[in-house]
Amino acid sequence: MADKVPYLDLPAQIRGIRKEIDAAIARTIDNCSFCLGPDVAQFEKDFARFIGAEHCVAFNSGTSALHVALLLLGVGPGDEVVTTPFTFVATSWAISYAGAKPVYVDVDDATMNLDPKLLERAITPRTKVVLPVHLYGHPFDLDPILAICRKHKLPLVEDACQAHGAKYKGRIVGASGDISCFSFYPGKNLGACGEGGALVTNNSAFAARARSLREHGSTTRYYHDEVGFNYRMEGIQGAVLGVKLPHLQKWTDARRRMAHRYHELLRDTPLQLPREAGYAESACHLYVVRHPRRDELKKHLDDNGVGCALHYPLPLHLQKCYAALGHKPGDFPVAEKAARECLSLPIYPELTDVQIRRVVEVIKGFFATTG
Ligand SMILES: Cc1ncc(COP(=O)(O)O)c(C=O)c1O
């Protein structure tokens, strides 16, 4: 039987930089700078520069960064935040943690990102923030969304948790809205050896308050200006991210080449393939194909040793945890169809051409035998 192709191969990534990672972790242990510390501070500077923003505040997760972003913008009980139903649930967690209500807007069928054409009708007097997601690493259409935000005097928070290094009209995403949030969960394009996240902004007052909120609402030890959180990044994660950041561009380029290769090899199959919008340079965090017989195809891939995954099998408005919002099937039909059809194929910088061809061979085998 042909070699298995894992959906994700983190050991392969670590192998290539293992010595540098070991040295960075050893330095943190020698310094005992376990919570924040010099490596985290240096990473904050480097990541802000990479994004092209004034400030980066490191967090213990992307979810925590999103939560604090909404608090900085004054989101609280009784408020609404307009967002997408087709994302990882943490986008909506942040809204719920702030005590506000997620108001969903359906997605665009081509990019599966929040559809700017549907945004304005979701805005009410209670809307406090607009929170779209750069899903799968493909930027959402920033300009029309920013124009609607400006018209209604609403702040924009970019959930860029999957989009490190993605570009919109040639500019790296994460510095156009009021605040953007990133995740450094290990499987992300830029992943820690554990949990991590960041809040990025050009607003100095937001950055200063974010630093206080992540550290128990305090700027002077044991004096607490407001109720805060323990949302600090661990020193070891800052050290690891500092090692990985210089590799990110090369890794993104490799992901983009692989997406291109998949496209070349799969374009004569019945699959709906991801396509970059004219304004976009995707970070290719995920390579998501679509087909109505997705579940059968997934089983065929699983049976033939090709890893694949579903992002995401159930949109947020139909999740049990959000039953109280009162949504029903059919409310966001484009997201619901995407959830039924989406299938994520392996994509990571260490994936080889042989492995890509094996994935394609197994997919073609499925259509050859089942029509
Ligand atoms: C779109 C999106 N938003 C938010 C998050 C939350 O990030 P984290 O897992 O670091 O809390 C993630 C990642 O898991 C994500 O993919």
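Residues numbered from 1 in each chain as written. Predicted model: local features only at pLDDT ≥ 70, side-chain atom pairs only at ≥ 80, totals over all residues. Heavy atoms only, no water.

Got a minute to help me understand the packing of aromatic side chains in this structure?
Any two aromatic rings considered together are summarised by their centre-to-centre distance and by the angle between their planes. For the structure shown, the criterion picks out 14 aromatic pairs. Relative to Tyr312, the ring of Phe86 lies with its centre 6.4 Å away and its plane at 80 degrees, an arrangement referred to as edge-to-face. Residue Phe86 is found in the loop between β2 (80-83) and α4 (90-97), and its partner Tyr312 is found in the loop between α10 (294-303) and α11 (333-341); the two are separated by 226 residues along the sequence. There is no split in this pair, since Phe86 and Tyr312 are both buried. Seen from their ring centres, Tyr104 and Phe332 are 6.3 Å apart, and the 80 degrees between their planes marks the pair as edge-to-face. Remark: Phe332 occurs in the loop between α10 and α11 and Tyr104 occurs in strand β3 (residues 101-104); sequence separation between them is 228 residues. (Phe/Tyr/Trp six-rings, centres within 6.5 Å; stacked < 30°, edge-to-face > 60°. Helix = DSSP H or I, 4+ residues; strand = E, 2+ residues; numbered from the N terminus. Buried < 20%, exposed > 50% of the residue type's maximum accessible area, 1.4 Å probe, protein only.)

What's the story with the nonpolar core in this structure? I'm lost.
Taken as a class, soluble globular proteins show a tendency for nonpolar side chains to be buried jointly. Counting residues in hydrophobic clusters, the biggest one holds 45 residues, and the most contacted among them are Phe47, Leu119, Ile145, Leu156, Phe182, Phe184 and Leu190. Taken together, the elements giving at least two residues each to this core come down to α2 (38-51), β1 (55-59), α6 (142-151) and β9 (197-201). For Ile145, the contacting residues outside a window of four places in its chain are Leu114, Pro116, Leu119, Val130, Pro132, Phe140 and Leu156. (Core = buried A, V, L, I, M, F, W, Y, C linked by side-chain atoms within 4.5 Å. Contact = heavy atoms within 4.5 Å.)

Honestly, the layout of surface pockets in this entry has me stumped. Any pointers?
Where empty space is left becomes clear once a probe the size of a water molecule has been rolled over the atoms. Space inside the largest pocket adds up to approximately 530 Å³. The dominant element in the lining of the largest pocket, judged by the number of residues it contributes, is helix α3 (residues 62-72), at 3 residues. In terms of residue class, the lining of the largest pocket is built from 14 nonpolar, 11 polar and 4 charged. Taken as a whole, the second largest pocket spans an internal volume of roughly 380 Å³. Taken together, 18 residues line the second largest pocket, and the ones lying closest to its centre are Ala259, Pro274, Arg275, Glu276 and Tyr287. Broken down by secondary-structure element, the contributors of at least two residues to the lining of the second largest pocket are α9 (248-266) and β13 (287-290). A total of 4 residues in the lining of the second largest pocket trace back to one element, the largest contributor, which is α9. Looking at the lining of the second largest pocket, its residues break down into 10 nonpolar, 5 polar and 3 charged. (1 Å grid on protein atoms, 1.4 Å probe; cavity = no way out; pocket = protein on both sides within 12 Å on 5 of 7 lines; lining within 4 Å. Points joined across faces, edges and corners; volume = space filled by probe spheres on them. Nonpolar A, V, L, I, M, F, W, Y, C, P; charged D, E, K, R; others polar.)

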